[in-house]
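An overview of the molecular structure
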Amino acid sequence: DVSSPKHGKVDPFNTPHVGGNIWAGGTGGRDTAGLGGKGGPYRLDAGHRVFQVSQAEKDAVPEEVKRAAREMGEKAFKQRLKEIQMSEYDASTYERFSGAVRRQVQSLRIILDNLQ
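Everything quoted here is computed from the prediction, not taken from an experiment.

Considering the domain arrangement of the protein chain
What the domain assignment lists for the protein chain is domain 1 (1–85) and domain 2 (88–115). Look at where the C-alpha atoms of domain 1 and domain 2 centre, and you get two points 24 Å apart.

And the structure:
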């Protein structure tokens, strides 16, 4: 069951973690920042294979936990914007321009990775 969202511990060795409710950047877990889980405050990709919990499990997360996760994610987003000296308007403008070329940038990254 989910209880309350949190960032989670950071694994200094970046070991893949699946489930467990402990590690930030894990997959398929609960309450911590990561991918494929339920009840976490925000998405956090540590570069590992993603294990996805079912949509039914995600839908079963209590509304108060979802609300707390949204609030924590929004707070983290605003803090990050402050750290990089960016306003919410700047972020939305960046996202608009970035989104328009996202596929082309991804294709270029793949080409450059293959050239290396």
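Considering unusual backbone geometry
Peptide bonds are, in most cases, trans, and in most cases residues other than glycine have a negative phi. The backbone of N14 shows a phi angle near 55°, a positive value even though the residue is not glycine. Following the sequence through the fold, N14 ends up in the segment before strand 1 (26–27). Its relative accessible area of 40% is what places N14 among the partly exposed residues. Backbone geometry places D31, a non-glycine residue, at a positive phi of 70°. By secondary structure assignment, the location of D31 is in the loop between strand 1 and strand 2 (34–35).

Considering the packing of aromatic side chains
Within this structure, the stated rule accounts for 0 aromatic pairs. Here the guanidinium or amino end of R96 rests over the ring plane of F97, the centre of that ring lying 4.8 Å away.

Quick word on helix 3 (residues 88–115)
At R102, helix 3 shows its largest kink, close to 55°. All buried positions along helix 3 are accounted for by A91, T93 and S98. Check the buried side of helix 3 and you find it contacts helix 2 (63–83).

A short note on helix 2
If you check helix 2, its first and last C-alpha atoms are 30 Å apart, about what 21 residues at 1.5 Å a residue would give, namely 30 Å. All of the buried residues along helix 2 are V65, A69, G73 and L81. Projected down its long axis, helix 2 shows its buried positions confined to an angular sector of 140°, all on one face. Exposed and facing more than 90 degrees away from the buried side of helix 2 are E64, E71, K75 and K82. Of the surrounding secondary structure, the elements contacted by the buried residues of helix 2 are helix 3.

Remarks on the environment of G26
Here G26 shows up in strand 1. Under the relative-accessibility criterion, G26 is labelled buried at 13%. Each C-alpha atom of the pair G26 and N14 lies 9.4 Å from the other, and the pair is 12 residues apart in sequence. Non-local contacts of G26, meaning those with residues more than four positions away in its chain, are made with H17, A33, G34 and L35.

What about the pattern of salt bridges?
Any two side chains of opposite charge can pair if their charged atoms end up close together. Applying the stated rule across the entire model yields 7 salt bridges. With a closest N to O distance of 3.1 Å, R70 and E63 form a salt bridge. Given a relative accessible area of 49%, R70 falls into the partly exposed group. Measuring nitrogen to oxygen at the nearest pair gives 3.9 Å for the salt bridge that ties K78 to E74.

Calculation notes
- Residues numbered from 1 in each chain as written.
- Predicted model: local features only at pLDDT ≥ 70, side-chain atom pairs only at ≥ 80, totals over all residues.
- Heavy atoms only, no water.
- Domains from an automatic or database assignment.
- Helix = DSSP H or I, 4+ residues; strand = E, 2+ residues; numbered from the N terminus.
- Buried < 20%, exposed > 50% of the residue type's maximum accessible area, 1.4 Å probe, protein only.
- Phe/Tyr/Trp six-rings, centres within 6.5 Å; stacked < 30°, edge-to-face > 60°.
- Lys NZ or Arg CZ within 6 Å of the ring centre and 35° of its normal.
- Bend = angle between axes of the 7 residues up to and from the residue.
- Contact = heavy atoms within 4.5 Å.
- Expected span 1.5 Å × (residues − 1).
- Arc of directions from axis to C-beta.
- Salt bridge = Lys/Arg side-chain N within 4 Å of Asp/Glu carboxyl O.

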